[in-house]
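Given next are the chains, with one letter for each unit.
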Amino acid sequence: MTPEILIPGRTTLTQLERIWRQNAPARLDESARPAVEAAAAHIARAAAGQVPVYGVNTGFGKLASLKIDPQDTAKLQENLILSHACGVGDPMPRATARLMMALKLLSLGRGASGVRWDIIALLQDMLAKGVTPVIPAQGSVGASGDLAPLAHMAAVMTGHAEAEFAGHIHSGAEALALAGLSPVTLGPKEGLALINGTQFSTAYALAGLFAAWQAATEALTVSALSTDAIMGSTAPLDPEIHALRGHAGQIEAAAAMRALLDGSEIRESHREGDTRVQDPYCIRCQPQVTGAAMDVLRMAARTLQTEANAATDNPLVLTGGRIVSGGNFHAEPVGFAADMIALALAEIGAIAQRRVALMVDPTLSFDLPAFLTPKPGLNSGLMIAEVTTAALMSENKHLAHPTVIDSTPTSANQEDHVSMAAHGARRLGTMVANLHHILGVEALCAAQGVEFRAPLATSAPLQRALAALRAEIPALAEDRYLAPDLAAAARLIAAGTLSRAAGLAAPGLCPSS
């Protein structure tokens, strides 16, 4: 596979999403090399000198006042990696770990970290040959960098810890050898440069962002199908309504739904003589809610694109060879972005769940049978599927509680304010999975509802979406074991199958990507 060529400071979300979704390798553009090597030379001179420079010839954190002899600087870096590899819990997903490695390339490629090009070359080769460190997902508080998880990555590079290669877990040294690679011996500051940064948190946040945007696109398609199922009005989609408010996401969501519903016989059948004056908010306000969530996701996308291209370790090599300690490792921007994504996921799911409840309720669904089964009473239909969506919606509400507002002092109060971005970003995977199930159940309900409107037909785009669903999951004529249907529907949502079948031209996540 052709590698993504990453230009530090200018890499796009589209490139990063390809690395995440398609297992693409990545390499830095050669234009980054001169600055990288110049910074490494400055660090080498500092390591040979007598002036204390944090992380180069001193201890770390609370031990920063302790001077290290020049002959011990390599051992200092090795000890740093081994002592900081304290992650616990399940390993991060392989695709997200690879994205994290690509993000580390970008950060080192800014030419402010002081590592040799050999370090970058090994990371690139690991991505190209499929050596993926096993990264325990818990242990970072998102300040002073994602120290524990990144230490597990760095440990593999030095021949320690564990890595996956060709579908099997090996020691770091074995995995490298099987791929034809050799571990590195870390030079001055190189261990610190590898573990001091926000790449673990940012990788998880980007994975959540990419999945959330696709789910939002699927929500537009599924909600249009739900609108036809309950014979909802398209009047609230009038473009002038949304232009008068002016929010981009709202305008785009309404436009997408208009296109999806255009030509529906079901819609045309009740333009006249419909006794209902207005639909419930979960139908009428779909552009205002899903569109607002899309705008929030775009705000997060801008932050994360900036962070992905940032130099986030400490100290940094600045112009003129100055080596200066700062705080770019603090993941507060990533924490805020993760919380924003969580809010958007929760709200897309909340309004979708209300549409599910609307469709299964015979008092609200405009003549659909109770729980969308042809013979209610004998059959319970989608009764408990709706209850499941309520459980998942409530779980996502709790998970959406902001994490960035939490903090606790660590490292003997030297690191006395932290971002908690790591688990703030990591929880997005659970929230996305919950949303896939909610939207999957909504799709099942909407499909049943539209089919009950026969001989009237929905629009051509929505008929294609319905056909894609029915290719995997047959209509519910009588009660059957439903768990496989729910799982299959969630997989279709996760893959973007329904929107793709409908031909929905999804709005772009980020203008510059």
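Structural data are supplied above this passage.
Quick notes on the rules
- What you see as residue numbers is a count from 1 along each chain, following the sequence as written.
- In view of the model being predicted, local features appear only for residues whose pLDDT reaches at least 70, and side-chain atom pairs are presented and counted only at 80 or more, with totals across whole chains, interfaces and linings using the full set of residues.
- With hydrogens and water set aside, each side-chain value is computed from the structure's full complement of heavy atoms.
- Secondary structure elements follow DSSP: runs of H or I no shorter than four residues count as helices, runs of E no shorter than two count as strands, and numbering proceeds from the N terminus.
- For this measure, only C-alpha atoms enter the radius of gyration; the expected value for a globule follows 2.2 Å times N^0.38, where N is the number of residues.
- Residue exposure (1.4 Å probe, protein chains only): buried if accessible area is under 20% of the type maximum, exposed if over 50%, otherwise partly exposed.
- Contacts are assigned to residue pairs that have any heavy atoms within 4.5 Å of one another.
- Salt bridges are identified by distance alone: a Lys or Arg side-chain nitrogen within 4 Å of an Asp or Glu carboxyl oxygen.
- What makes a nonpolar core is a set of buried Ala, Val, Leu, Ile, Met, Phe, Trp, Tyr and Cys residues whose side-chain atoms join them at distances within 4.5 Å.
- Any two strands between which DSSP finds at least two bridges are classified as paired.
- Side-chain rings of Phe, Tyr and Trp, where Trp is taken by its six-membered ring, are said to pair if the distance between their centres is within 6.5 Å; with planes under 30 degrees apart they count as stacked, over 60 as edge-to-face, and otherwise as tilted.
- Only Lys NZ and Arg CZ are tested; either one counts as a charge over a ring when it is within 6 Å of the ring centre and within 35 degrees of the ring normal.
- Lines fitted to C-alpha atoms define the axes, with helix axes restricted to the stretch in contact, and inter-axis angles between N-to-C directions lie between 0 and 180 degrees.
- Rotating anticlockwise by less than a right angle from the far helix to the near helix defines a left-handed crossing, while the corresponding clockwise rotation defines a right-handed one.
- The nonpolar class holds Ala, Val, Leu, Ile, Met, Phe, Trp, Tyr, Cys and Pro. Asp, Glu, Lys and Arg form the charged class, and all remaining residues, Gly among them, are polar.

What about the overall build of the chain?
Phase 1 of the analysis: When you go through the chain residue by residue, the secondary structure sums to 20 helices and nine strands.
Phase 2 of the analysis: Computed over the C-alpha atoms, the radius of gyration of the chain is 26 Å, within 12% of the 24 Å expected from 2.2 N^0.38 for a compact globule of 513 residues.
Phase 3 of the analysis: The C-alpha extent of the chain, read off along each of the three principal axes, is 90 × 50 × 45 Å.
Phase 4 of the analysis: Within the chain, the proportion of its 513 residues that are buried is 56%.
Phase 5 of the analysis: Of the contacts formed within the chain by residues at least 6 apart in sequence, a portion of 78% connects residues at least 24 apart.

With respect to the pattern of salt bridges
Phase 1 of the analysis: Overall, the coordinates contain 17 salt bridges when judged by the stated rule.
Phase 2 of the analysis: K75 is paired through a salt bridge with E78; the nearest N and O atoms lie 3.7 Å apart. Residue K75 and its partner E78 are both found in helix α3 (residues 73-84); the two are separated by three residues, about one turn of the helix.
Phase 3 of the analysis: You can call E78 partly exposed: its relative accessible area is 31%.
Phase 4 of the analysis: Here D295 makes a salt bridge to R298, at a shortest N to O gap of 3.9 Å. Of the two residues, D295 and R298 are both situated in helix α14 (residues 286-308); the distance of three residues between them amounts to about one turn of the helix.

A look at the nonpolar core
In a soluble, globular protein the nonpolar side chains are often hidden away together inside.
Phase 1 of the analysis: Of all hydrophobic cores here, the largest spans 152 residues; its most connected members are L16, V131, L194 and L206.
Phase 2 of the analysis: Here this core gets 19 residues from one element, more than from any other, and that element is helix α9 (residues 199-229).
Phase 3 of the analysis: The contacts of V131, once residues within four sequence positions are left out, are M101, M126, V156, A163, E164, F165, A175, L176, A179 and L181.
Phase 4 of the analysis: Membership of the second largest hydrophobic core comes to seven residues, among which are A47, V53, V56 and V317.

Points about the environment of L435
Phase 1 of the analysis: Relative to the helices and strands, L435 is located in helix α17 (residues 421-452).
Phase 2 of the analysis: Assessed through its relative accessible area of 0%, L435 is described here as buried.
Phase 3 of the analysis: For the pair L435 and M231, spaced 204 residues apart in the sequence, the C-alpha separation amounts to 24 Å.
Phase 4 of the analysis: Every residue in contact with L435, bar those within four places of it in the chain, is listed here: A215, L345, I348, G349 and N396.

Comments concerning the sheet that holds strand β6 (residues 162-165)
Phase 1 of the analysis: Taken together, the three strands give an open sheet; going across it, the order is β4-β6-β7, and neighbouring strands pair in antiparallel fashion. This sheet does not close on itself; its edge strands, each paired only once, are β4 (132-133) and β7 (168-171).

Quick look at the packing of aromatic side chains
Phase 1 of the analysis: Across all of its chains, the model carries two aromatic pairs by this definition.
Phase 2 of the analysis: Relative to F210, the ring of W20 has its centre 5.8 Å away and its plane inclined at 45°; by these criteria the two rings are tilted. Placement of the pair is W20 in helix α1 (residues 13-22) and F210 in helix α9, with a sequence separation of 190 residues.
Phase 3 of the analysis: For F210, a relative accessible area of 2% gives the class buried.
Phase 4 of the analysis: Between F200 and Y204, the ring centres sit 5.1 Å apart and the planes meet at 75°, which makes this aromatic pair edge-to-face. Note that F200 and Y204 are positioned in helix α9 at a spacing of four residues, about one turn of the helix.
Phase 5 of the analysis: For Y204, a relative accessible area of 8% puts it in the buried group.
Phase 6 of the analysis: One Lys or Arg, R276, reaches over the ring of F366 and ends 3.6 Å from the middle of that ring.

Some words on the packing of α1 against helix α4 (residues 94-108)
Phase 1 of the analysis: Packing of α1 against α4 leaves a shortest axis separation of 8 Å and a crossing angle of 145°. Viewed along their axes, α1 and α4 form a crossing whose handedness is right-handed. Contacts between α1 and α4 involve L16, I19 and W20 from the former and A95, T96, R98, L99, A102, L103 and L106 from the latter.
Phase 2 of the analysis: Among the residues making up the contact of α1 with α4, the classes are represented as eight nonpolar, one polar and one charged.

The quantities given are spatial measurements derived from coordinates; they are silent on function.
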